[in-house]
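Structural overview for review
These are the residues of each chain, in order.
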Amino acid sequence: MRLFVSVDLPDDLAEPVADLQDEFSDASGLTVTDPEQAHVTLKFLGDVDGERVPDLESELEAAVADAGVDPFTVRYGGLGVFPSLEYISVVWFGTETGGEELTALHEAIEERTTEMGFEAESHEFTPHVTLARMEHAGGKELVQELVREREPTVGETRVEEVRLTESTLTEEGPVYSTVARFPLDE
C-alpha cells in the first residue's frame, strides 16, 4: 500500500483551488493536481506492507494525541515553489494561519514514524498544498512571475482530523482513499 498522512481540504475549496490553477494554464510544462484531492501531506510513508497498517494506525493515533492540537482553522494562501524559483519542480500554496498546528502534527507524526523505521524527512517541513508539478521549464518564466506577484487567498477551513490515506496510481493519475481517521482532541 502506498500511504501518506494528510490534512485534506474540504470539497468547497476545490473550486478556489481550480481557479488558482487556471492562472497557470498558459505555463507549458506544468501538470496540475486534481483540486478535488487537495491536501497537506504531513508525512509521506511510501510503500507499506499491509500487515504493518494496524501498528501504524495505533502509532498515528498516539502521535496525534502527543501533538496536543485542538481543532483549528487554517487559512490557505500565498504561492511558493520547490526547490527554488530557478529550478521549479513543484508549485504550491501555503498557509496564512494554522501553519504552527500543522507543523506540530507533522513533528509528532515524524517522531513516531521514524521510530517505526520509516525514513526521516530530508528537508524542513513547509505546510503546503501542491498545485502543479513542472515537467519541463517551458513555462518557467510565467510561473516565476505569478509566484513573485500574486498573493492569493484560497479560503479557510476547520481542521478536525488527520487521515491515513492510500494513493493508488492509475493512468488518469493517483486515486486517494482514506484508510483511517484520527480526530483531534476537543
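Please refer to the structure placed before this passage.
Report on the accompanying structure. Note that the coordinates shown come from a computational prediction; the quantities given were computed from them, not determined experimentally. (Residues numbered from 1 in each chain as written. Predicted model: local features only at pLDDT ≥ 70, side-chain atom pairs only at ≥ 80, totals over all residues. Heavy atoms only, no water.)

This model, assessed by the stated rule, comprises 3 aromatic pairs. On the basis of an interplanar angle of 80° and a centroid distance of 5.1 Å, the ring pair of Phe4 and Tyr176 is categorised as edge-to-face. Of this pair, Phe4 sits in strand S1 (residues 2–8) while Tyr176 sits in strand S9 (residues 173–183), and the two are 172 residues apart along the sequence. Ring centres of Phe82 and Trp92 lie 5.2 Å apart, and the angle between their planes is 35°; this geometry places the pair in the tilted category. Here Trp92 lies in strand S5 (residues 88–97) and Phe82 lies in strand S4 (residues 72–83), a separation of 10 residues in the sequence. Take Phe82: its relative accessible area is 26%, and that puts it in the partly exposed class. (Phe/Tyr/Trp six-rings, centres within 6.5 Å; stacked < 30°, edge-to-face > 60°. Helix = DSSP H or I, 4+ residues; strand = E, 2+ residues; numbered from the N terminus. Buried < 20%, exposed > 50% of the residue type's maximum accessible area, 1.4 Å probe, protein only.)

Structurally, the α-helix is built with 3.6 residues per turn, so residues lying three or four positions apart point the same way. Among all positions in helix H4 (residues 140–149), only Val143, Gln144, Leu146 and Val147 are buried. Along the axis of H4, the buried positions cluster into a sector of 165°, meaning they face one direction only. Of the exposed residues in H4, the ones pointing more than 90 degrees away from its buried face are Glu141, Arg148 and Glu149. Packed against the buried residues of H4 are strand S2 (30–32), S4, S5 and strand S6 (129–134). (Arc of directions from axis to C-beta. Contact = heavy atoms within 4.5 Å.)

Glancing now at the pairing of strand S8 (residues 161–170). Pairing between S1 and S8: 4 bridges, direction antiparallel. Its bridge partner lying in S8, Ser6 is registered against Arg163. Alignment of S8 against S9, held across 10 bridges, turns out to be antiparallel. Bridge pairing links Thr170 to Gly173 in S9. Here S8 hands over to S9 after 2 residues, the two strands then running antiparallel side by side. (Pairing = 2+ DSSP bridges.)

Attention now goes to unusual backbone geometry. Residue Phe82 is joined to Pro83 through a cis peptide bond whose omega torsion reads -10°. Within the element layout of this structure, Pro83 appears in strand S4.

Moving on to the layout of surface pockets. Size it by volume and the largest pocket reaches roughly 1000 Å³. Contributing to the lining of the largest pocket are 33 residues, with His39, Thr41, His128, Thr130 and Arg133 lying nearest its centre. For the lining of the largest pocket, the secondary-structure elements that each account for two or more residues are S1, S2, strand S3 (39–47), S6, S8 and S9. In terms of residues, the lining of the largest pocket owes the most to one element, S3, which gives 5 residues. Tallied by class, the residues present in the lining of the largest pocket amount to 13 nonpolar, 12 polar and 8 charged. Taken as a whole, the second largest pocket encloses approximately 170 Å³ of empty space. Forming the walls of the second largest pocket are 14 residues, and the residues nearest its centre are Asp8, Glu36, Gln37, Arg163 and Tyr176. Mapped by element, the contributors of at least two residues to the lining of the second largest pocket are S1, S8 and S9. (1 Å grid on protein atoms, 1.4 Å probe; cavity = no way out; pocket = protein on both sides within 12 Å on 5 of 7 lines; lining within 4 Å. Points joined across faces, edges and corners; volume = space filled by probe spheres on them. Nonpolar A, V, L, I, M, F, W, Y, C, P; charged D, E, K, R; others polar.)

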